[in-house]
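Coordinate analysis (summary)
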Amino acid sequence: MTSTHILILIGAYFLLLVLISYFTGKNDSNIDFFRAGKSSPWYLVAFGMIGASLSGVTFISVPGWVEASEFSYMQVVFGYLAGYLVIAFVLLPIYYQLNVTSIYEYLERRFGVVSYKVGAVSFFVSRVLGASFRLFLVAIVLQQFVFDDLGVRFEITVVLSILLIWIYTFKGGIKTIVWTDTLQTAFMLLSVGLSIYFINQKLDWSFTEFLASEELKAYNKILFTDNFFDKNHFIKSFLGGMFITICMTGLDQDMMQKNLTCKSLKDAQKNMVSFSLVLIFVNFFFLLLGALLFIYADRFDIATPMMDGQAKSDLLFPEIALHSNLGMVVAITFMLGLIAAAYSSADSALTSLTTSFCVDFLGIEKKPEKDQNRIRKVTHIGMSLLLILVVILFKHILDTNVIDGLLQVATYTYGPLLGLFTFGIFTKFKIKDKFVWVVALLVVALIAGLANMPANMLGGYEIGYELLPINGLLTFIGLWFIRDTPAKI
């Protein structure tokens, strides 16, 4: 598949998204941009959230994870399921009862303005970094396999990627996203299924023969329970996955904004439960694909691609799909899946960042009605420029598997949100609101010190994703020390 073919495919794909945007964005109002008029069918949201949750990080990086960590990622996925149940039956009822646009409005009503701003800032930093991770991944793939051949600089690739997102989201916002996510999820799942099918064909295997093969047994260990000190021990991975989900979905404006477009709480809960069950099987198929990629690479002596002098396992899937004679069908479906996976999360991130900044920082709902649309559109442009800058910066500082890097960032940035919401929901105390930012900064500093502490100083214990619940616990303890009289709730 040549660079020209890929560009034509990308162009056709985005024309389809723009067409969807045209029909969903006819009513250029803030109520549709922020909340889709609270009229989204729950099953549509559920299916679309699969793509938004997986993103380009899962599409590329989870298969690349398999060589070093086998199927240990499933331990984190089991934790995800527990986290989604907490979201469905603890957090969603609160959001629907309060009828919020931004979920961080809960913190203002419960504690005060400073807590509200600390929560909003935590989300804002988290989502900027998370969206940038995802955009960075698709940008390096496009750069490696398309734009390098055309002599286009990486910075231009990033600008073009975000410009395309801006074009189809600037009017319809979340109303457009709900529909485009559905299309993008379909492309992503089709791509994974066809890739598994055609690679097995090339290896002269049926799918059942692949599952029974000795080669798969070298990669398919799921449960790691031998040494609790290891980073990927089951308990640590499960708890980390559960709290990552609670934070990165339940306390995240991006993911919750989709749920809040459902007609009722019952519909939103049906969406969350059904989506979480399907996600287990989808993630397992991504890991199967990862094992298949490394088996295929070993069989046909395909080296892991290099970038900036380092082997990048994240690039093995595109290398095999585009350059290993699997045929045009695999190449086309891979590119469609990659683009869909990347932009299904990036477009909603841009929309949610715009929403959060407008509501949480600019107080758009208190502005004159004649100015509200203009403020939202200017903010949408500003968020696009911010993402461009951060993605370009990542190229020069990121030296880890992208999904591992994304989950590591979550352990730092979502801790204050976890502590604040937990304290608000499970205690009746008010807090001295003006000191909340001090607690948040002190805890982040402690977490940074703990994360960078050598394992030999902890008796050989390797800290993993359990750092997130530790972060939340320390924030909770800090809030306890600044508690005030019980709240009247």
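Residues numbered from 1 in each chain as written. Predicted model: local features only at pLDDT ≥ 70, side-chain atom pairs only at ≥ 80, totals over all residues. Heavy atoms only, no water.

1. A look at the overall build of the protein chain
- Scanning the protein chain from N- to C-terminus turns up 20 helices and four strands.
- Burial status across the protein chain gives 58% buried among its 489 residues.
- Excluding contacts between residues fewer than 6 apart, the proportion of contacts in the protein chain whose partners are at least 24 apart in sequence is 85%. (Helix = DSSP H or I, 4+ residues; strand = E, 2+ residues; numbered from the N terminus. Buried < 20%, exposed > 50% of the residue type's maximum accessible area, 1.4 Å probe, protein only. Contact = heavy atoms within 4.5 Å.)

2. Digging into helix H20 (residues 467-481)
- Between its terminal C-alpha atoms H20 stretches 21 Å, which fits the 21 Å expected from 15 residues at 1.5 Å a residue.
- Among the residues of H20, Leu-467, Leu-468, Pro-469, Asn-471, Gly-472, Thr-475, Gly-478 and Leu-479 are the ones counted as buried. (Expected span 1.5 Å × (residues − 1).)

3. Examining a nonpolar patch on the surface
- Taken together, the side chains of Val-18, Ile-156, Leu-160, Leu-163 and Ile-167 make up a nonpolar region of the molecular surface, amounting to roughly 370 Å² of accessible area.
- Ranked by the residues each element gives to the nonpolar patch, the list is headed by helix H7 (residues 154-169), at four residues.
- Within the secondary structure layout, Ile-167 lies in helix H7.
- Taking relative accessible area as the criterion, Ile-167 reaches 34% and is therefore assigned partly exposed. (Patch = residues over 30% accessible without salt bridge, like charges linked within 9 Å, V, L, I, M, F, W, Y side chains within 5 Å. Areas by Shrake-Rupley, 256 points an atom, 1.4 Å probe, with all protein chains shown as cover. Salt bridge = Lys/Arg side-chain N within 4 Å of Asp/Glu carboxyl O.)

4. What about the packing of aromatic side chains?
- Under the definition given, this model contains 20 aromatic pairs.
- Measuring from centroid to centroid gives 5.3 Å for Tyr-106 and Phe-421, while their planes differ by 20 degrees, and the two rings are stacked. Pair noted here: Tyr-106 is in helix H5 (residues 105-110) and Phe-421 is in helix H18 (residues 415-426), with a separation of 315 residues, a long-range link.
- What makes Tyr-106 buried here is its relative accessible area of 8%.
- Of the residues examined, Phe-421 reaches a relative accessible area of 2% and is grouped as buried.
- An aromatic cluster is present here, built from Phe-111, Phe-423, Phe-429, Phe-476 and Trp-480 joined pairwise through their rings.
- The ring of Phe-228 carries Lys-236 above its face, with NZ or CZ at 5.7 Å from the centroid.
- Above the plane of the ring of Trp-205 lies Arg-299, whose end atom (NZ or CZ) is 5.5 Å from the centre. (Phe/Tyr/Trp six-rings, centres within 6.5 Å; stacked < 30°, edge-to-face > 60°. Lys NZ or Arg CZ within 6 Å of the ring centre and 35° of its normal.)

5. Here's the deal with the confidence of the model for the protein chain
- Chain-level statistics for the protein chain give a pLDDT mean of 80 and a share of 85% at 70 or above.
- At the low end of the mean pLDDT range in the protein chain sits helix H2 (residues 30-35), at 53; at the high end sits strand E3 (residues 429-431), at 93. (pLDDT = per-residue confidence, 0-100.)

6. Some remarks on the nonpolar core
- In this structure, Tyr-95, Ile-199, Met-272, Met-335 and Phe-421 are the most contacted members of the largest nonpolar core, which totals 141 residues.
- No other element matches the 18 residues that helix H6 (residues 113-147) contributes to this core.
- Beyond its immediate sequence surroundings of up to four residues, Tyr-95 is in contact with Val-100, Ile-103, Gly-250, Leu-251, Met-256, Leu-260 and Phe-421. (Core = buried A, V, L, I, M, F, W, Y, C linked by side-chain atoms within 4.5 Å.)

7. Considering the pattern of salt bridges
- Counting across every chain of the model gives six salt bridges.
- With its nearest N and O atoms 3.9 Å apart, the salt bridge here joins Arg-109 to Glu-105. Taken together, the positions of Arg-109 and Glu-105, both in helix H5 and four residues apart, correspond to about one turn of that helix.

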